[in-house]
Amino acid sequence: TKQLYLNVKVVESPKVDFTQTYTGCINDVAVFNPTLTTAPEDKADKFFWNFGDQTSSRIQAPSKTFSSAGNYTVNLRAITAEGCLATASKPVTVNALPVVTFDNANISVCYGTNSTLAVKDPVTNAVYQWYSVATGGTPVFTGATYTINNVTTAQSLYVSATLNGCVSQPRVPVTISVYERVFAPTVTVTEVGITSVTFTWQAVQGANGYSVSTDGGATWTNPSSGVNGLTHTVSGINTVTTIKLLVKALDANNCTDAVSVEVSATTLPGELFFPNAFSPNGDGLNDVFKIEGHSIASLKMIVFNQWGQKIFETADRSIGWDGKHNGKLQPAGVYMYVANIVLIDGSTVQKKGSVNLIR
């Protein structure tokens with residue numbers, strides 16, 4: 001019987017391991033590097049990677065991007081030129097990127113007030129950083145709640161969170177705008193009567209109406225012309241009485257109302273003065289006969305001599321009788337007058353009397 005001999009080559013079993021360079025965050029690149037130990041006469045031939053997420057690779061040192069958070073087992077099968085197999089496996093943890101959200105990322109505040117910005121549902125152990133730029137730069141604040149004092153200009157902030165070494169991308173913008181300031185009205189006195197005073201002011205941009213006060217700001221009411229009116233008349237007051245008024249422009253955004261400087265006016269005397277004599281001698285004293293009174297709006301006055309002849313007439317309250325008729329001096333004596341007067345409050349007065357012309 002002929003005997004057959006079979007040569008069997010036995011080589012040392014290979015051993016394989018691998019390292020990974022990876023931050024552990026979604027969308028970051030993981031690089032795997034194998035280390036294969038073989039017999040001197042053997043060498044590496046093929047590598048088969050399974051990343052545990054239904055993806056694989058035959059590259060010796062592959063790169064891998066994980067798109068979902070979770071725990072994965074990476075398996076490596078290495079085959080040598082002699083057909084020997086070595087395996088290795090390691091767990092890989094992929095961390096989700098932290099999320100930054102706000103209930104309101106567009107905030108409006110009153111001029112000069114403080115604004116507190118707070119991350120919605122902050123995560124324990126997460127580090128929140130606030131920047132003045134969308135990328136790069138250095139943080140202006142670290143924390144989940146950021147208070148900015150005395151906001152006077154619009155500004156934008158950008159917030160990121162870091163958790164388990166993973167940084168949220170991109171930074172979340174927060175915009176702060178400032179409501180338009182309401183300025184104090186400028187109040188003027190436009191009409192003064194014997195029993196009333198009228199104040200006026202210009203419209204204030206951004207005002208949602210006006211209030212007035214005559215007691216130094218202790219109480220406020222709507223103007224007599226209405227909440228959106230631009231005048232206020234105080235009536236039914238005594239003569240020679242001082243009225244002081246404050247006007248407040250109401251802020252439409254419920255911010256700070258603006259109060260005017262206090263303006264005052266004194267009602268006019270109500271008396272009318274009817275001289276009973278005058279002496280037109282050019283000395284500058286009592287040279288004309290004229291009805292006086294602060295409350296006169298208009299008048300018509302006629303002067304008659306003792307025979308009932310009209311010798312003077314005027315409808316101008318500033319012009320009085322100088323004792324002449326048609327340019328001729330009239331003799332001393334008693335003259336009669338009739339005056340119809342309209343007062344500034346609209347009432348009328350009729351006055352008949354006499355005046356003594358003295359030479």
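Whatever comes next refers back to the structure up there.
Bear in mind the structure is a predicted one, so any value in this text is a computation, not a measurement.

Q: Looking at this structure, how should I read unusual backbone geometry?
A: The phi torsion of most residues other than glycine is negative, and most of the peptide bonds are trans. In this chain, Gln-169 is followed by Pro-170 through a cis amide linkage whose omega measures -10°. Following the sequence through the fold, Pro-170 ends up in the loop between strand S14 (166-167) and strand S15 (172-178). A positive phi angle, near 55°, is found at Asn-326, a position not held by glycine. The residue Asn-326 is located in the loop between strand S26 (324-325) and strand S27 (328-329) in this model.

Q: Before we go on, may I ask you to explain the pairing of strand S3 (residues 44-50) in this structure?
A: Within a regular strand, side chains alternate between the sheet's two faces. As paired strands, S3 and strand S6 (residues 70-80) are joined by 6 bridges and run antiparallel to one another. Looking at S6, one finds that Phe-48 is bridged to Arg-77. The hairpin formed by S3 and strand S4 (residues 56-57) contains 5 residues between the paired strands, and Gly-52 there has a positive phi angle of roughly 85°.

Q: I'm lost on the state of the cysteines in this one. Help?
A: Among covalent bonds in proteins, the disulfide is the one between the sulfur atoms of two cysteines. Tallying each qualifying case throughout the model produces 2 disulfides. Linked covalently through their sulfurs, Cys-25 and Cys-166 form a disulfide whose S-S length is 2.0 Å. On the S-S bond that ties Cys-25 to Cys-166, the torsion sits near -100°, and the link is left-handed. With a gap of 141 residues between them, Cys-25 in the loop between strand S1 (15-21) and strand S2 (29-37) and Cys-166 in strand S14 connect regions that are remote in the sequence. Taken as a pair, Cys-25 and Cys-166 share a single burial class, namely buried. Each sulfur in the disulfide pair Cys-110 and Cys-255 lies 1.9 Å from the other.

Q: Would you mind showing me how to read the pattern of salt bridges here?
A: Two side chains carrying opposite charge are able to pair once their charged atoms lie near each other. Applying the stated criterion across every chain yields a total of 7 salt bridges. With a closest N to O distance of 3.8 Å, Lys-290 and Glu-292 form a salt bridge. Lys-290 sits in the partly exposed class, given a relative accessible area of 21%. With a shortest N-O distance of 2.8 Å, Glu-313 and Lys-310 are connected by a salt bridge. Taking relative accessible area as the criterion, Glu-313 reaches 37% and is therefore assigned partly exposed. Look at Lys-310 and you get partly exposed, because its relative accessible area is 44%.

Q: Before we go on, may I ask you to explain the sheet that holds strand S7 (residues 85-94) in this structure?
A: Either a parallel or an antiparallel arrangement is found when strands of a sheet pair, and the pairing is made through backbone hydrogen bonds. The sheet built from 4 strands is open, its strands ordered S4-S3-S6-S7 with antiparallel pairing. Taken across any chain shown, the strands that pair with only one partner, and hence form the sheet edges, are S4 and S7.

Q: Got a minute to help me understand the sheet that holds strand S29 (residues 348-357) in this structure?
A: Judged by pairing direction, the sheet is mixed, and its 5 strands sit side by side in the order S23-S29-S28-S24-S25 without closing on themselves. Here the strands that pair on one side only, and so sit at the sheet edges, are strand S23 (277-278) and strand S25 (310-314). As defined by bridge partners, S23 adjoins S29 across 2 bridges and the pair is classed as parallel. Residue Phe-278 lies in a different strand from S29, and its bridge partner there is Leu-357.

Q: Any chance you could explain the packing of aromatic side chains here in plain terms?
A: By the definition in use, this model includes 15 aromatic pairs. Ring geometry for Phe-18 against Trp-49: centres 5.2 Å apart, planes inclined by 75°, an arrangement best described as edge-to-face. With Phe-18 in strand S1 and Trp-49 in strand S3, this pair connects stretches of sequence that are 31 residues apart. In this structure, Phe-18 and Trp-49 share a single accessibility class: buried. With a centroid separation of 6.2 Å and 35° between ring planes, the pair formed by Phe-278 and Phe-289 is classed as tilted. Of this pair, Phe-278 sits in strand S23 while Phe-289 is found in the loop between S23 and strand S24 (296-304), placing the two residues 11 residues apart along the sequence. An aromatic cluster is present here, built from Phe-274, Phe-278, Phe-289, Trp-321, Tyr-335 and Tyr-337 joined pairwise through their rings. When the ring centre of Phe-18 is taken as reference, the NZ or CZ atom of Lys-90 above it lies at 5.2 Å. Sitting over the face of the ring of Trp-220, Lys-248 holds its NZ or CZ atom 4.2 Å from the ring centroid.

What counts as what
Residues numbered from 1 in each chain as written. Predicted model: local features only at pLDDT ≥ 70, side-chain atom pairs only at ≥ 80, totals over all residues. Heavy atoms only, no water. Helix = DSSP H or I, 4+ residues; strand = E, 2+ residues; numbered from the N terminus. Pairing = 2+ DSSP bridges. Disulfide = S-S within 2.5 Å. Buried < 20%, exposed > 50% of the residue type's maximum accessible area, 1.4 Å probe, protein only. Salt bridge = Lys/Arg side-chain N within 4 Å of Asp/Glu carboxyl O. Phe/Tyr/Trp six-rings, centres within 6.5 Å; stacked < 30°, edge-to-face > 60°. Lys NZ or Arg CZ within 6 Å of the ring centre and 35° of its normal.

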